[in-house]
Amino acid sequence: MPMPVVDAHVFEEISDAVDEVNKLKGTVEASHEWDEESHFDADKDKTKFRQYEEACDRVKNFYKEQHEKQTVEFNLRVRENFKKTVRARMSVWEAIEKLNTLVDESDPDTTVSQIEHLLQTAEAIRRDGKPEWMQVAGLVHDLGKLLYLFGSEGQWDVVGDTFVVGCKFSDKIIYPDTFENNPDSRDPVYSTEYGVYQPNCGLDNVMLSWGHDEYLYCVLKNQSSLPEAALHMIRYHSFYPWHREGAYSHLTNANDEKALEAARAFNPYDLYSKSDDPVDPEKLKPYYQGLIAKFFPPVIEW
Ligand SMILES: O[C@H]1[C@H](O)[C@@H](O)[C@H](O)[C@@H](O)[C@H]1O
Ligand SMILES: [Fe+2]
Ligand SMILES: [Fe+2]
């Protein structure tokens, strides 16, 4: 039988269709690029970051106060209050500008303004070719520090690493001895291994110390079209005892594995971009306002 002759025109159509499919495949693959290892931090000296033993008194005093005051009682009360009010109505960019006055007392690695830190994080993610939603996660991840301007009790209930309350304070938390004066460390229930929790109940059922992660997660979960991985990056980025030190495996379950992957993928950009060159907010503003418009309503209830 003679081979059918394919008309040149039909051939072109087929090869266009194949190109189209490949392009689509490319996008799908690109959307998985977020969990691949980061490249931007290859030349960073990681031993220079998070050196808490050598940290200045500002940092040490901060954690002493935080570790004494983050009790179960406080955490229940603050969550109750959170639900009662809307603290402000403004756009994401306005929030970024508003936050700019805060200098984070818990941070041994940077004293730059928050707008700088947010843009440095987002830019590191962008340079590494990660998806837009992850750049946005970088851009907003610390916006929860706005709490400080909304009547927090200090910085101890806003910034710093997070940990689980309601069970024994993990010795994987920095300055573990400073929990001595936290009344929960002598409580007959809260001071036990599992405390108020069931084994492997999952992080959704665990109370993390209140601060900017938890607050921003609550604000954004119903006011953005960010994927779950971005919300995990926001919620757990300060939970170093878990995502870096591997604590709390007796409380987590299989559902937390994806969240752990997200928190770990995000961490290098948050931490190691602190030594990057300064950014120019005015120059970057149009690009990031474009991204903000894709993922958030024009006004957010904070
Ligand atoms: O000092 C820093 C800072 O407050 C960050 O925003 C937080 O995410 C970190 O966990 C903490 O170490
Ligand atoms: Fe943070
Ligand atoms: Fe940060």
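A brief look at the structure comes next. (Residues numbered from 1 in each chain as written. Chains lettered and ligands numbered in written order. Predicted model: local features only at pLDDT ≥ 70, side-chain atom pairs only at ≥ 80, totals over all residues. Heavy atoms only, no water.)

Some words on the site of ligand 1
The environment of ligand 1 is formed by 15 residues, the closest being Asp 104, Ser 106, Lys 145, Asp 161 and Ser 238. Taking Asp 161, its side chain carries an N or O atom lying 2.7 Å from an oxygen atom of ligand 1. In isolation ligand 1 exposes 300 Å². Once the protein is present, 98% of that is buried. Of the residues assigned to the shell around ligand 1, the class counts are four nonpolar, five polar and six charged. (Near = heavy atom within 4 Å. Polar contact = N/O pair within 3.5 Å; in protein donor to acceptor, adjacent residues only side chain to side chain. Areas by Shrake-Rupley, 256 points an atom, 1.4 Å probe, with all protein chains shown as cover. Nonpolar A, V, L, I, M, F, W, Y, C, P; charged D, E, K, R; others polar.)

A short note on the coordination of the iron ion (ligand 3)
For a metal with four donors in a tetrahedral arrangement, the ideal angle between donors is 109.5 degrees, while six donors in an octahedron ideally sit at 90 or 180 degrees. The iron ion (ligand 3) binds to the protein through His 117 (NE2), His 141 (NE2), Asp 142 (OD) and Asp 270 (OD); the donor distances cover 2.1 to 2.3 Å. Between the four donor atoms coordinating the iron ion (ligand 3), the angles at the centre fall across 85 to 172°, so the site counts as irregular. Between the iron ion (ligand 3) and the iron ion (ligand 2), both coordinated by Asp 142, there is a metal-metal distance of 3.7 Å. With His 117 in helix α5 (residues 114-127) and Asp 270 in helix α10 (residues 256-272), this residue pair connects regions lying 153 residues apart in the sequence. The two residues His 117 and Asp 270 agree in class, both being buried. (Donors = N, O, S within 2.8 Å, 3.2 Å for Na, K, Ca; no water. Tetrahedral: all angles 85-135°; square planar, octahedral: opposite > 155°, others 65-115°. Helix = DSSP H or I, 4+ residues; strand = E, 2+ residues; numbered from the N terminus. Buried < 20%, exposed > 50% of the residue type's maximum accessible area, 1.4 Å probe, protein only.)

Some points on the packing of helix α8 (residues 228-236) against α10
Think of two packed helices as two axes; the pair is described by the angle between the axes and how far apart they sit. Close contact between α8 and α10 brings their axes to 8 Å; oriented N to C, the two are set at 70°. The angle between the axes of α8 and α10 places the two elements in the roughly perpendicular class. Every pair of crossing elements has a handedness; the one defined by α8 and α10 is right-handed. Only Lys 258, Ala 259, Ala 262, Ala 263 and Phe 266 of α10 make contact with α8, whose side of the interface consists of Glu 228, Ala 229, His 232, Met 233 and Tyr 236. In the contact of α8 with α10, the residues fall into seven nonpolar, one polar and two charged. (Axes fitted to C-alpha atoms, helices over the stretch in contact; angles between N-to-C directions. Parallel < 35°, antiparallel > 145°, perpendicular 65-115°, else oblique. Left-handed = near helix turned anticlockwise from the far one by under 90°. Contact = heavy atoms within 4.5 Å.)

Observations regarding the coordination of the iron ion (ligand 2)
At the metal site, the iron ion (ligand 2) is ligated by Asp 142 (OD), His 212 (NE2) and His 237 (NE2), and these contacts range over 2.0 to 2.2 Å. Along the chain, the residues donating to the iron ion (ligand 2) fall in the pattern D-x69-H-x24-H.

Things to note about the pattern of salt bridges
Tallied over the entire structure, the rule returns 20 salt bridges. When the shortest N-O distance is used, the salt bridge between Lys 44 and Asp 276 registers 2.4 Å. Of this pair, Lys 44 sits in the loop between α1 (8-30) and α2 (57-69) while Asp 276 sits in the loop between α10 and α11 (281-295); the two residues are 232 residues apart in sequence, bridging distant segments of the chain. Owing to a relative accessible area of 18%, Asp 276 belongs among the buried residues under this scheme. A salt bridge links Asp 142 to Lys 145; the shortest N-O distance between them is 3.3 Å. Classification of Lys 145 as buried rests on a relative accessible area of 4%. Salt bridges sharing partners connect three or more residues here, namely Arg 79, Asp 204, Glu 214 and Arg 235. (Salt bridge = Lys/Arg side-chain N within 4 Å of Asp/Glu carboxyl O.)

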